[in-house]
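Listed below, chain by chain, are the residues.
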Amino acid sequence: MPAEAPPEAASSRPLPEGFLPSNCTYAEQDWPILARQWFPVCRADDALARPRQVMVLNLRLVVYRMPDGIRVGRDMCPHRGLPLSGGRVEGEELVCAYHGLRFGSDGQCTKVPEKLAPKTADCFKVTMFPAVERHGLVWTCLIPDAGPEVPDGTSDSPFKLSSDRFAESMVFEFLDSSMIVEPENHQSLKKLGLSEYQRLLEEIGFSSETSSSPSPFS
Ligand code: FES
């Protein structure tokens with residue numbers, strides 16, 4: 001059975017209200033709408049022996065495997081902001097490569113090296129996102145509204161997924177939208193969302209197609 005993130009990880013809002021990645025290439029009003037969708041970040045069967053950096057909607061994420069499942073966090077150590085993807089997993093902890101802070105499964109710092117005293121572990125927490133394994137892929141959502149709603153054609157997601165793992169191809173269809181957006185903005189959001197899916201899937205090594213069904217806003 002695929003491992004899923006604990007429900008509380010999927011229901012909390014990891015990023016502060018109004019957050020935008022630095023050097024964001026999306027319009028300020030589009031990014032938070034797209035960030036509520038689920039995006040694939042890697043193959044579920046990737047060994048992930050070392051933490052890996054992926055980019056979703058201009059935000060750098062770190063993906064790694066803990067003994068109890070895959071984790072997706074912001075690729076930014078809360079100590080000095082350096083990438084956690086340069087670190088390593090030791091037992092049940094992610095260890096930052098720079099000054100050796102250790103983080104548990106929930107992103108909370110568990111140990112600060114003595115040289116950094118008087119700072120304590122309570123001071124540091126990695127921003128974590130939900131991680132769900134489905135359709136042979138690992139998915140995450142940057143602004144989860146509720147529980148996991150990975151595209152599968154049955155949820156309320158505006159994207160429908162048809163996959164053929166053996167053919168290594170995936171088709172994403174943009175259904176009539178449940179996104180709350182202004183009609184004049186709808187077309188561009190559809191294109192932005194689909195191109196992000198396509199980019200990520202190609203990066204993962206799948207050929208992908210995207211298509212869109214007629215919409216009242218088209
Ligand atoms: S930047 Fe990670 S421990 Fe200092």
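From a predicted model like this one, the values you see are computed outputs, not experimental measurements.

(A) The arrangement of the confidence of the model for the chain in detail. The pLDDT averaged across the chain works out to 79; a share of 70% of its residues lies at or above 70. Considering only residues more than four positions removed or in separate chains, one finds that residues 1-11, a stretch of pLDDT under 50, has 22 contacts. Every residue in residues 213-218 scores below 50 in pLDDT, and together they form 10 contacts with partners more than four places removed in sequence or on other chains.

(B) Summary view of the nonpolar core. The biggest cluster of nonpolar side chains holds 40 residues, and the ones touching the most others in it are Val41, Val56, Leu61, Val63, Val138 and Trp139. Elements represented by at least two residues in this core include exactly strand S1 (38-43), strand S2 (52-56), strand S3 (59-66), strand S4 (69-74), strand S9 (128-129), strand S10 (131-134), strand S11 (137-141) and helix H3 (183-204). Not counting residues up to four positions away in its chain, the partners in contact with Trp139 are Trp38, Phe39, Pro40, Val41, Val132, Arg134 and Val150.

(C) Spatial organisation of the pairing of S10. Bridging between S10 and S11 involves 4 bridges; their strand directions are antiparallel. Pairing of Arg134 across the sheet is with Leu137, part of S11. Here S10 folds back onto S11, and the loop between the two strands holds 2 residues, one of which, His135, carries a positive phi near 55°.

(D) Here's a closer look at the sheet that holds strand S6 (residues 93-95). Spatially, the 4 strands line up as an open sheet ordered S5-S6-S7-S8, and their pairing is antiparallel. Of all the strands in the sheet, the pair left with one neighbour each is strand S5 (88-90) and strand S8 (109-111). Two elements, S6 and strand S7 (residues 102-103), share 2 bridges in a ladder whose sense is antiparallel. Note on S7: the bridge partner recorded for Val95 is Arg102.

(E) Summary view of the environment of Asp45. Checked against the element boundaries, Asp45 lands in the loop between S1 and S2. The class of Asp45 is exposed, set by 11 C-beta atoms lying within 10 Å. As for Asp45 and Leu137, which are separated by 92 residues in sequence, their C-alpha atoms are 7.7 Å apart.

(F) Main features of the sheet that holds S4. As summarised here, the arrangement of the 4 strands in space is S2-S3-S4-S9, forming an open sheet in which the pairing is antiparallel. Edge positions in the open sheet fall to S2 and S9, since each of these has one partner strand only. Bridge count for S2 against S3 is 5 bridges, and the pairing is antiparallel. Note on S3: the bridge partner recorded for Gln53 is Val62.

(G) Molecular detail of unusual backbone geometry. Cis geometry is found at the peptide bond from Ala117 to Pro118, where omega equals 15°. Within the secondary structure layout, Pro118 lies in the loop between S8 and S9. Of note, Asn23 is a non-glycine position whose phi angle comes to about 55°, a positive value. One non-glycine residue, Asn58, lies in positive phi territory at about 70°. Counting through the fold element by element, Asn58 comes out in the loop between S2 and S3. Here Asn58 falls in the partly exposed class, since 14 other C-beta atoms lie within 10 Å of it.

Definitions and limits used
Residues numbered from 1 in each chain as written. Predicted model: local features only at pLDDT ≥ 70, side-chain atom pairs only at ≥ 80, totals over all residues. pLDDT = per-residue confidence, 0-100. Contact = placed C-beta atoms within 7 Å. Core = buried A, V, L, I, M, F, W, Y, C linked by C-beta atoms within 7 Å. Buried ≥ 20, exposed ≤ 12 C-beta atoms within 10 Å, placed from the backbone. Helix = DSSP H or I, 4+ residues; strand = E, 2+ residues; numbered from the N terminus. Pairing = 2+ DSSP bridges.

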